[in-house]
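Observations on the model geometry
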Amino acid sequence: TGEAAVAARAEGARLARALAAAEEVGAEAPLELEACLTSLRQELDQAVMSAAVKMQLRRRHEVLAKRFAQAQKEAAKARANALIAAASLKLEGVGEQGWAVVEVEAGADAKVLKSVLQALGKAAPGKAIMLVSAAEGKASCLTLAPKDCKVKANEWLSAALAAGGGRGGGKADSAQGQLPDASKLQEVKAKAEEYAKELLA
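To start, this report covers the structure provided alongside it. (Residues numbered from 1 in each chain as written. Predicted model: local features only at pLDDT ≥ 70, side-chain atom pairs only at ≥ 80, totals over all residues. Heavy atoms only, no water.)

Nonpolar side chains tend to gather and get buried jointly when the protein is soluble and globular. One finds Ala128, Met130 and Trp156 to be the most contacted residues of the largest nonpolar core, which totals 23 residues. Breaking this core down by element, the ones donating at least two residues are strand S1 (99–103), strand S2 (128–135), strand S3 (138–144), helix H5 (153–162), strand S5 (174–179) and helix H6 (185–200). Those residues within four positions of Met130 in sequence are excluded, and the remaining contacts are Ala100, Val101, Val102, Cys141, Leu142, Thr143, Trp156, Leu157, Ala160 and Ala192. (Core = buried A, V, L, I, M, F, W, Y, C linked by side-chain atoms within 4.5 Å. Buried < 20%, exposed > 50% of the residue type's maximum accessible area, 1.4 Å probe, protein only. Helix = DSSP H or I, 4+ residues; strand = E, 2+ residues; numbered from the N terminus. Contact = heavy atoms within 4.5 Å.)

Between its terminal C-alpha atoms helix H3 (residues 51–92) stretches 61 Å, which fits the 62 Å expected from 42 residues at 1.5 Å a residue. Lys54, Leu57, His61, Leu64, Phe68, Ala80, Leu83, Ile84, Ala87 and Leu91 are the residues of H3 that are buried. By the N-cap criterion, in which a side-chain oxygen at the helix start approaches the backbone nitrogen of a residue two or three places on, H3 is capped by Ser50, the distance to Ala52 being 3.3 Å. (Expected span 1.5 Å × (residues − 1). Polar contact = N/O pair within 3.5 Å; in protein donor to acceptor, adjacent residues only side chain to side chain.)

Bringing the environment of Glu62 into the picture now. Here Glu62 shows up in helix H3. Through-space distance from the C-alpha of Glu62 to that of Pro180 is 40 Å; in sequence the pair is 118 residues apart.

The next thing to look at is the pattern of salt bridges. Under the defined criterion, the tally for this structure stands at eight salt bridges. When the shortest N-O distance is used, the salt bridge between Arg14 and Glu11 registers 3.0 Å. Of this pair, Arg14 and Glu11 both sit in helix H1 (residues 2–25), three residues apart, roughly one helical turn. Note on Glu11: relative accessible area 21%, which makes it partly exposed. Where Asp45 meets Arg41, a salt bridge forms, and the shortest distance between an N and an O atom there is 3.7 Å. Remark: Arg41 and Asp45 occur in helix H2 (residues 30–46); sequence separation between them is four residues, near one turn of the helix. Here Arg41 falls in the partly exposed class, since its relative accessible area comes to 36%. (Salt bridge = Lys/Arg side-chain N within 4 Å of Asp/Glu carboxyl O.)

This is a description of form; function is not addressed.
Spelled out as structure tokens, the structure:
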């Protein structure tokens, strides 16, 4: 009907304006843009409008979503590189010591923490390394140890986390766990230092 056609055109115009607004937001406000993209996708799926207009809007949405995903990927890579650089400086600070306990501000992002730990392991293949990061009242802890090292990553992790009521597991070369109370992190780090020193000093 005439009224239905008018309503469909109006809905198409409204969603086109909403997409334009999302394009203006850009990747500088990731949380806002992500919520906007999700909402727009749902509205596009449910909207009653011309099939041709809907297809055009969906293509615009897809382009924007891909651009957002790429921006997020690049931002994550830049953040990981910055964390690696900061952690590497701390690692250099321990000199020839056979172990290192390094704290970074990586939140609870397990993927980023693993990439940082792997980078440190490549930079100092002969060291046993513990990486810790606090976030939202908790703390993550990851360890790695070279082959034939007196320090076993899983045993080191368990001993350190036990000092703060945390738990974890893994293998002799790598392990990970969590501390439920980040206020205990300093105790965990102290225990980790003590444990490694007894075996390697």
